[in-house]
Structure formats: structure tokens, C-alpha cells
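Observations on the model geometry
Listed here are the chains, written in short residue letters.
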Amino acid sequence: IIEIGYLQVISAVIESEADEISDMTGLELMKEKVSKIWVMAGKWDEENGKENNFARNSRSAEAGNIFCDLCPVPVTFLGWEIGHSVITGGELQQNDVLYQVLLDHKKPDGRSSWDPMLVLLAIIGNEEKAGYETVCGKASVNAENGLNNFIKIFKT
């Protein structure tokens, strides 16, 4: 699963009960059907990092907390600090479709590349082959304010 936005939907799946569609809970379904989740969220380069996908509002903070506490499969986070300075679409021709998209988004000079970088990383499927250094550990999100933290276990 690639998650490039808020975690409310995937957290609701994690907390869901068995129903008429499946006799498995959402947590059980994820354990059985999902091998890994790739998430663009968090600011991991500082203690109590603050990033939009976790800290936008009370729903995003609570969803981030649920996800980090209960997700039963491996997760790779691509944090704000990784994609912030990588700009997509900085020097486009005005007849380029991407230029129009960025103009409509009020970013005609380009935009930070968090989401495209995460998708490419997931497509490659291996952080090291994609050129990333990884750190293994336990992520957490404060359910009240969305501030995130990471406890490093080891470096790969």
C-alpha cells in the first residue's frame, strides 16, 4: 500500500471489525493481505517533529497515532525533510501539462517532491537500491497534537 495523504482511511481499516463482507477484522486482513506500507508523513529529523499529514487537525493526529501504534506490517516513512528541497516542475514550458497543474495548485515555480519520491521508492521496492539510508525503529504520533517521534532501534 502506498499512502501519500492523511491516514484516516487506513487507520479506520485497521480498527474495523468483521462484517458481512469478511469475517476477519481489518487488522487480520492487513496481516494476511499486506506485505508493506509506504507512507509520506512525518518530520523525523527532530524530536517532536510536526508535519501536515499527522498534525493538520485532530482527525489526522488521532489517525497517525492509531496507525503507528497498531499497524501490523512493516512501514517505510518518507519524511518531510527528505522531499522538501527536491523540486518537481521548476523550469517547465508554459504549454507543458504539468506546468498548468502546478499553476492551478498555485506553485508555478515547482513544488516539493514528497509524493513522487515516495511513489518511486515504493515502485523500486527497496530503500537501499533507491539510494536511501534507512533507520529501523518505532514511530509514534501524539494523538492530541500530531507531533511525531522516532525511537531508533538500528541502522540498516
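Residues numbered from 1 in each chain as written. Predicted model: local features only at pLDDT ≥ 70, side-chain atom pairs only at ≥ 80, totals over all residues. Heavy atoms only, no water.

Things to note about the overall build of the protein
Within the protein, the secondary structure is distributed over seven helices and seven strands. The order of α-helices and β-strands along the protein, N terminus first, is β-α-α-β-α-α-β-α-β-α-β-α-β-β. Considered along the principal axes of its C-alpha atoms, the protein spans approximately 55 × 40 × 35 Å. Looking at the protein as a whole, 35% of its 156 residues are labelled buried. Looking at the protein as shown, the accessible area adds up to about 9600 Å², and 52% of this sits on carbon and sulfur atoms. (Helix = DSSP H or I, 4+ residues; strand = E, 2+ residues; numbered from the N terminus. Buried < 20%, exposed > 50% of the residue type's maximum accessible area, 1.4 Å probe, protein only. Areas by Shrake-Rupley, 256 points an atom, 1.4 Å probe, with all protein chains shown as cover.)

With respect to the side chain of Ser-22
As for its position among the elements, Ser-22 is in the loop between helix H1 (8-15) and helix H2 (26-33). According to the relative accessible area criterion, Ser-22 is buried, its value standing at 18%. Engagement of the side chain of Ser-22 in a polar contact is seen with the backbone nitrogen of Met-24, the distance being 3.0 Å. (Polar contact = N/O pair within 3.5 Å; in protein donor to acceptor, adjacent residues only side chain to side chain.)

A few points about the sheet that holds strand S3 (residues 75-78)
The strand order across the open sheet formed by three strands is S1-S2-S3, and the pairing between neighbours is parallel. Because the sheet does not close on itself, it has two edges, and the strands there are strand S1 (2-3) and S3. Here S1 runs beside strand S2 (residues 37-40); their pairing, made up of two bridges, is parallel. Across the sheet, Ile-2 pairs through a bridge with Trp-38, a residue of S2. Contacts between helix H7 (residues 114-124) and the sheet are confined to S1, S2 and S3, with S2 contributing the most and set at about 165 degrees to the helix. (Pairing = 2+ DSSP bridges. Contact = heavy atoms within 4.5 Å. Axes fitted to C-alpha atoms, helices over the stretch in contact; angles between N-to-C directions.)

Side note on the pattern of salt bridges
Tallying each qualifying case throughout the model produces four salt bridges. Note that Glu-127 and Lys-36 form a salt bridge whose closest N and O atoms lie 2.6 Å from each other. Of this pair, Glu-127 sits in the loop between H7 and strand S6 (135-141) while Lys-36 sits in the loop between H2 and S2, placing them 91 residues apart in sequence. Between Lys-43 and Asp-45 there is a salt bridge, and its shortest N-O distance comes to 2.8 Å. Since its relative accessible area comes to 12%, Lys-43 is described here as buried. (Salt bridge = Lys/Arg side-chain N within 4 Å of Asp/Glu carboxyl O.)

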